[in-house]
Amino acid sequence: MTIFEKIAQRQIPADIVYENEEFMVIRDINPQAPVHALMFPKKPIPRVGEAKPEDAAVLGRMLAASGEIARRLGVYDSGYRLVINHGADAGESVPHLHIHLLGKRSLAWPPG
């Protein structure tokens, strides 16, 4: 069971920013920006490259909710970045698909 599954089942506490029946948004405990939230589906999907066609709807709703989440976190107007890592070289550390929402600092391009 991943840490995100344990958070969704309330086995581990988290600072929840948003939640519905399909996904949660929590503040990252090791933030890489002044605002750093993690959006993840409650249904475990190991990584973005392993998502199935039936996962498309929840993933689309997560992306569509990013604007509202960014407003709640106070970064909508100044800008924010969404990041999805796949695999070790990309920095993936938890095998449960999650989207990083980062903001409140200038984010360089290209990343990395």
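Small disclaimer: the values here were computed from a predicted structure and weren't measured.

Criteria and thresholds
- Residues numbered from 1 in each chain as written.
- Predicted model: local features only at pLDDT ≥ 70, side-chain atom pairs only at ≥ 80, totals over all residues.
- Heavy atoms only, no water.
- Phe/Tyr/Trp six-rings, centres within 6.5 Å; stacked < 30°, edge-to-face > 60°.
- Helix = DSSP H or I, 4+ residues; strand = E, 2+ residues; numbered from the N terminus.
- Buried < 20%, exposed > 50% of the residue type's maximum accessible area, 1.4 Å probe, protein only.
- Lys NZ or Arg CZ within 6 Å of the ring centre and 35° of its normal.
- Pairing = 2+ DSSP bridges.
- Axes fitted to C-alpha atoms, helices over the stretch in contact; angles between N-to-C directions.
- Contact = heavy atoms within 4.5 Å.

**Thoughts on the packing of aromatic side chains**
Phase 1: Overall, the coordinates contain two aromatic pairs when judged by the stated rule.
Phase 2: Seen from their ring centres, F4 and F40 are 4.5 Å apart, and the 25° between their planes marks the pair as stacked. Of this pair, F4 sits in helix α1 (residues 3-8) while F40 sits in strand β3 (residues 35-41), and the two are 36 residues apart along the sequence. Each of the two residues, F4 as well as F40, counts as buried.
Phase 3: Just above the ring of Y76 sits the side chain of R71; from NZ or CZ to the centre is 3.8 Å.

**Observations regarding the sheet that holds strand β1 (residues 16-19)**
The pairing of strands in a sheet comes from backbone hydrogen bonds and takes either a parallel or an antiparallel form.
Phase 1: Read from one edge to the other, the open sheet built from five strands follows the order β1-β2-β3-β5-β4, with strand pairing classed as antiparallel. In the strand order of this sheet, the two ends are held by β1 and β4 (80-83), each with one partner. Within the sheet, the average angular offset between the axes of one strand and its neighbour, ignoring direction, is 20°.
Phase 2: Taken together, the five bridges between β3 and strand β5 (residues 99-103) define a ladder with antiparallel strand orientation. Considered in β5, the bridge of V35 is made with G103.
Phase 3: Of the strands in this sheet, β1, β2 (23-27), β3, β4 and β5 are in contact with helix α2 (residues 56-72), which crosses β3 at around 155°.

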